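So the chains spell out like this:
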Amino acid sequence: MKKILCALFSLLVTCGFAAAQEEDGLGLSAGVELGFGDVADKAVFGVTPLLAYERSFLDGALDVAGGIEYTFTFEDGVPQELFAEEDIGYNLFLNDTSVLTFNLHNENNVSTVPDFGDAGDGSIFEPSVIYGLALDAGELAFVLGFPIGYHPEITFGAYATAGFVFPFGFGVEATANLDISPEVGYAETNVLLSYGADLFTVELEIDADGEFKVYTISPYLEWYFGSWTVWAGVDFGNIGGEESISVEPYIGVKYSF
């Protein structure tokens, strides 16, 4: 399932977020996402109302964002989950072509019904540093992040991302993820290909485990109709693994105020 907030490094982070906030509006978005579970095994219908806020202050120097979503899964007992995330970033404009951003991100994923407890990745706090550079040939960005899991257990990790967006809208980014504690090792590789236009954005994300044996492939398409955004995607998981391939489609819509 797509999170309310895009990954901080979304290829256009060096200018896209601040530029978007120059438009009129409150910075609020409300919507709903429908998930269908693993249709290759057992389809399970889920509904996720969502609410998000994003805004820039201090002439674009300060970015503040947050989101909350609540998922109802319609199977025995109707399990429910709450996901919330908060994001704050300070942009240091080094010159006309480069920006250095210091960012703090926090997220919590908990089960509320039938039992209260952690779900998904639990609770994670993530400081990161982003450097963006505008070139004649496109936009280049680098990120260093240090995710810290603090519930249900203490974990430490690190990742490095590099990406480039061409002037015609095509972008590519790659991320290397490391586990530091409780065990040290290479965790995962992520590659994201994207194309953005005025009316739509299309993405293809490829995730590989640390040994490059098991993959998840996730195509995603987003359309824009004025204040409305509609999206659809599907996650093909466990490709190359011992178990069957999973197929998890979803669709969603939101309205921005």
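## So, the overall build of the protein chain
- Regarding its fold elements, the protein chain presents one helix and 15 strands.
- What you see for the protein chain is a C-alpha radius of gyration of 18 Å, in line with the 18 Å of a compact globule of 257 residues.
- With respect to the principal axes defined by its C-alpha atoms, the protein chain has extents near 55 × 45 × 35 Å.
- Across the 257 residues of the protein chain, 35% fall into the buried class.
- Excluding contacts between residues fewer than 6 apart, the proportion of contacts in the protein chain whose partners are at least 24 apart in sequence is 43%.
- Summing over all exposed atoms, the protein chain offers an accessible surface of approximately 14100 Å²; the carbon and sulfur share of this is 64%.

## Brief notes about the pairing of strand E7 (residues 138-145)
- Two strands pair when backbone bridges link them, and strand E6 (residues 117-135) and E7 are joined in this way by eight bridges, in the antiparallel orientation. By the bridge assignment for E7, Leu135 is matched with Gly138.
- In textbook terms, the turn of a hairpin is the stretch between consecutive antiparallel strands, and for E6 and E7 this stretch comprises two residues.
- The pairing of E7 with strand E9 (residues 155-165) spans seven bridges and is classified as antiparallel. Bridge assignment links Val143 to a residue of E9, and that residue is Thr161.

## Quick notes on the pattern of salt bridges
- Using the criterion set out here, one finds one salt bridge in the structure.
- Glu211 serves as the salt-bridge partner of Lys213, at 3.5 Å between the closest nitrogen and oxygen.
- Given a relative accessible area of 53%, Lys213 falls into the exposed group.
- Of the residues examined, Glu211 reaches a relative accessible area of 56% and is grouped as exposed.

## Observations regarding unusual backbone geometry
- Cis peptide bonds are those with omega within 30 degrees of zero, and the linkage from Val113 to Pro114 qualifies with 5°.
- Examined against the element boundaries, Pro114 turns out to sit in the loop between strand E5 (98-113) and E6.
- Looking along the chain, the bond that leaves Ser181 and enters Pro182 is cis, with omega of 10°.
- Looking at where Pro182 falls in the secondary structure, it is placed in the loop between strand E10 (170-181) and strand E11 (185-196).
- Positive phi is not limited to glycine here, since Val78 has a value of about 45°.
- Inspection of the secondary structure assignment puts Val78 in the loop between strand E3 (62-73) and strand E4 (80-93).
- With relative accessibility at 29%, the residue Val78 sits in the partly exposed group.
- The backbone phi angle of Phe212 is positive, close to 55°, even though this residue is not glycine.
- Residue position: Phe212 is located in the loop between strand E12 (200-209) and strand E13 (215-225).

## A closer look at the environment of Val143
- You can see Val143 is positioned in strand E7.
- Sequence spacing of Val143 and Ala160 is 17 residues, and the spatial spacing of their C-alpha atoms is 5.6 Å.

## Re a nonpolar patch on the surface
- A cluster of nonpolar residues, Ile88, Leu104, Phe125, Tyr150, Ile154, Phe156 and Ile180, forms a patch on the protein surface that exposes about 590 Å² of accessible area.
- With respect to the helices and strands, Tyr150 occurs in strand E8 (residues 148-151).

## Looking at the packing of aromatic side chains
- Inspection of every chain in the model, using the stated rule, returns 11 aromatic pairs.
- Ring centres of Trp228 and Tyr255 lie 4.9 Å apart, and the angle between their planes is 65°; this geometry places the pair in the edge-to-face category. One end of the pair, Trp228, is in strand E14 (residues 228-239); the other, Tyr255, is in strand E15 (residues 246-256), and 27 residues separate them in sequence.
- Residue class for Tyr255 comes out partly exposed when judged on its relative accessible area of 28%.
- A centroid spacing of 5.0 Å and a plane angle of 75° characterise the contact between Tyr255 and Phe257, whose relative ring orientation is edge-to-face.
- Residue Phe257 is classed as partly exposed on the basis of its relative accessible area of 46%.
- Grouping aromatic residues by their ring pairs yields a cluster made of Phe164, Phe166, Phe168 and Phe170.

## Notes on the environment of Tyr250
- Inspection of the secondary structure assignment puts Tyr250 in strand E15.
- C-alpha of Tyr250 to C-alpha of Asp207: the two residues are 43 residues apart in sequence and 18 Å apart in space.

Cut-offs applied
Residues numbered from 1 in each chain as written. Predicted model: local features only at pLDDT ≥ 70, side-chain atom pairs only at ≥ 80, totals over all residues. Heavy atoms only, no water. Helix = DSSP H or I, 4+ residues; strand = E, 2+ residues; numbered from the N terminus. Rg over C-alpha atoms; globule rule 2.2 N^0.38 Å. Buried < 20%, exposed > 50% of the residue type's maximum accessible area, 1.4 Å probe, protein only. Contact = heavy atoms within 4.5 Å. Areas by Shrake-Rupley, 256 points an atom, 1.4 Å probe, with all protein chains shown as cover. Pairing = 2+ DSSP bridges. Salt bridge = Lys/Arg side-chain N within 4 Å of Asp/Glu carboxyl O. Patch = residues over 30% accessible without salt bridge, like charges linked within 9 Å, V, L, I, M, F, W, Y side chains within 5 Å. Phe/Tyr/Trp six-rings, centres within 6.5 Å; stacked < 30°, edge-to-face > 60°.

Structural measurements only, silent on function.
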